[in-house]
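For reference, the chains in residue letters:
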Amino acid sequence: DLGTTTIVGASVDIEGGRVLGTVARLNPQVRLGRDVLARINAARAGDILRELCKDAVDACNGIIGGLVASTEDIREITVAGNPAMEHLFLGISPEPLSRVPYRPAFKEARRLVAGEAGLHAGKDAGLYVFPLIGGFVGGDSVAVALALEMLKKKGAVLAVDIGTNSEIILAADGVAYATSAAAGPAFEGGEISCGMTAQPGAIQGVRIDGDSVILDVIGGASARGICGSGLIDAVAGLIGSGIIEPSGRVKNRAEVETNRANRIKEDEGGNSFVLYAGPSGAVEITQADIRALQAAKSAIRAGIEILMRKAGTAAGDIDAVYIAGAFGSNIKKSGLEAIGITDRSWREKMTFVGDAALSGAVLALNEDRKAEAEEIAGSVKYVSLSGSAHFEREFIKNMDFLSKTG
């Protein structure tokens, strides 16, 4: 799963289809830009394109080395990523994605020899790079739809793959629409003042009980920062306890009557709320962090609204909702509701499916499932949000933290 921020790999027993292990690494391309547009612009220079390609290949080789004792045992590799990531991985300029009509340089699946692409694998091992749907919706979305069998389900089903480049797929009785919302890296801890990926020391859960702030820290150690699930949890709790207004503003101390006011740091540029203070420093959520989360969730919700309109489906008509993404296993349904991504009516219909893109990549080690992936890529209707006045209106409308009633 070649993600914009995180790359995840799995080793698989091909004969039995059993996953033997998984390894995740930060995508080293982040040093040249947190989001896909920054990397697309950077890749205009040929030497930077080669550097970004090498970054992706080296990271994949690092994952391979962490998964297998001998790379000679590897018979096949599948790769699923968004269009920009797949272009950069293959050393193909993503420049066409930077201009109208935002079409990728290729859409079809790519079959290569893994060694020729620079990957460490057995002699003549195959490399399969997933087909793209169009625009900014790529192989990772195809992999999600494949893993969840979305086009085979009756009724209306929605999948949201939350990440830096958040993909949304809505299938209604076999007709599917897909779009991509440039949510930014906030959900993965990026561009957050104390943000970090989900590793030891990251706050992954927050519960506010009276004046107490109870933290769930990965590894049980002292808090060093906060990851995406912790950020959503914290903001949801602060909304519920009256520290954050629906507009997203952090209140002043004088506006809060409980002892929680003591955790508020006032500043002319916006207040902060301190989650943890220790000898090594404090972990806090700033007003800028909250604005970043608002923009991210608003982009996703606006994309959902546009797809529902395209499909002629209302929120109450959705039969199943899948929340995908490598970070999603610690997110609470109540948190997504509180910040306004999901509807209250979806609570019992919602399932967290983890890294469904990786699951789809695992399935595609089978030739029949590769063919199915290519059928999905050819049938899903791509909906572009770039330059859309409708998207801009929905984005503005969904900025506030207001629970959706459905």
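Let me begin by describing the structure that accompanies this report. (Residues numbered from 1 in each chain as written. Predicted model: local features only at pLDDT ≥ 70, side-chain atom pairs only at ≥ 80, totals over all residues. Heavy atoms only, no water.)

### Notes on the overall build of the protein
Spelled out, the test is: The helix count covers DSSP runs of H or I at least four residues long, the strand count covers runs of E at least two residues long, and both are numbered beginning at the N terminus. This radius of gyration counts C-alpha atoms alone. The globule rule is 2.2 Å times how many residues there are, raised to the power 0.38. Each residue is placed in one exposure class: buried if its accessible area under a 1.4 Å probe, protein chains only, is under 20% of its type's maximum, exposed if it is over 50%, and partly exposed if it falls in between. The contact rule is simple, with two residues in contact once any of their heavy atoms fall within 4.5 Å. Each accessible area is a Shrake-Rupley result for a 1.4 Å probe, and residues are judged covered by the shown protein chains and nothing else.
Assigned secondary structure in the protein consists of ten helices and 17 strands. Compactness check: the protein gives a C-alpha radius of gyration of 21 Å against a globular reference of 22 Å for 406 residues, within 12% of the reference. In terms of principal-axis extent, the alpha carbons of the protein reach across some 70 × 50 × 45 Å. Looking at the protein as a whole, 54% of its 406 residues are labelled buried. A sequence separation of at least 24 residues applies to 66% of the contacts in the protein between residues at least 6 apart. Looking at the protein as shown, the accessible area adds up to about 16600 Å², and 48% of this sits on carbon and sulfur atoms.

### Some thoughts on helix H4 (residues 139–148)
Counted residue by residue, H4 has nine buried out of ten residues, so it is predominantly covered. Within two residues after H4, Glu149 carries a phi angle of roughly 50°, on the positive side.

### Focus: the sheet that holds strand E11 (residues 225–226)
Here is the rule: For two strands to count as paired, DSSP must find a minimum of two bridges between them. Helix axes use the C-alpha atoms of the stretch in contact, all axes being lines fitted to C-alpha atoms, and the angles between their N-to-C directions lie in the range 0 to 180 degrees.
Spatially, the three strands line up as an open sheet ordered E10-E9-E11, and their pairing is mixed. With partners counted over all chains shown, the strands left at the sheet margins are strand E10 (212–217) and E11, one partner each. On top of the sheet, helix H5 (residues 228–240) reaches strand E9 (202–209) and E11; it is set at about 15° to E9, its chief contact.

### Comments concerning the sheet that holds strand E4 (residues 110–113)
Within a sheet, adjacent strands bond to each other through the backbone by hydrogen bonds, running parallel or antiparallel. Sheet architecture is open: three strands sit in the order E3-E5-E4, paired in mixed fashion. Where the open sheet ends on each side, the last strands, each with one partner, are strand E3 (76–79) and E4. Taking each pair of neighbouring strands and ignoring which way they run, the sheet shows an average axis angle of 20°. Here helix H3 (residues 83–90) sits on the sheet in contact with E3, E4 and strand E5 (126–129), set at roughly 150° to E5.

### Quick word on the nonpolar core
As a reminder of what qualifies: Working definition of a nonpolar core: buried Ala, Val, Leu, Ile, Met, Phe, Trp, Tyr and Cys residues. They are joined through side-chain atoms within 4.5 Å.
Residues Leu158, Phe187, Ile226, Val235, Leu275, Ile300 and Trp346 are the most contacted members of the largest nonpolar core, which totals 61 residues. Among residues more than four places away in sequence, those in contact with Val235 are Ile244, Ile290, Leu293, Ile339 and Phe401.

### Quick word on the pairing of strand E8 (residues 175–181)
Burial of E8 is extensive: six of the seven residues sit out of reach of the surface. Between the end of strand E7 (residues 166–172) and the start of E8, which pair antiparallel, lie two residues, with Asp173 showing a positive phi angle near 50°. Strand direction decides the pairing type here: E8 and strand E17 (residues 381–382), joined by two bridges, are parallel. Residue pairing across strands places Ala178 opposite Tyr382, the latter belonging to E17.

### What to know about helix H10 (residues 389–397)
Spacing of three or four residues puts side chains on the same side of an α-helix, whose turn is 3.6 residues. Condition: This arc describes the spread of directions from the helix axis toward the C-beta atoms. Any pair of nitrogen or oxygen atoms within 3.5 Å is treated as a polar contact; in protein, a donor-acceptor pairing is required on top of that, and neighbouring residues in sequence qualify only through side-chain atoms on both sides.
Along H10, the positions that sit buried rather than exposed are His390, Phe391 and Glu394. Looking down the long axis of H10, one finds its buried residues gathered within 95° of arc, a one-sided arrangement. Turned more than 90 degrees away from the buried face of H10, the exposed residues are Arg393 and Ile396. The inward-facing, buried residues of H10 abut helix H6 (287–311). Sitting at the amino-terminal end of H10 is Ser388, which places a side-chain oxygen 3.3 Å from the backbone nitrogen of His390.

By themselves, these figures tell us nothing about what the structure is for.
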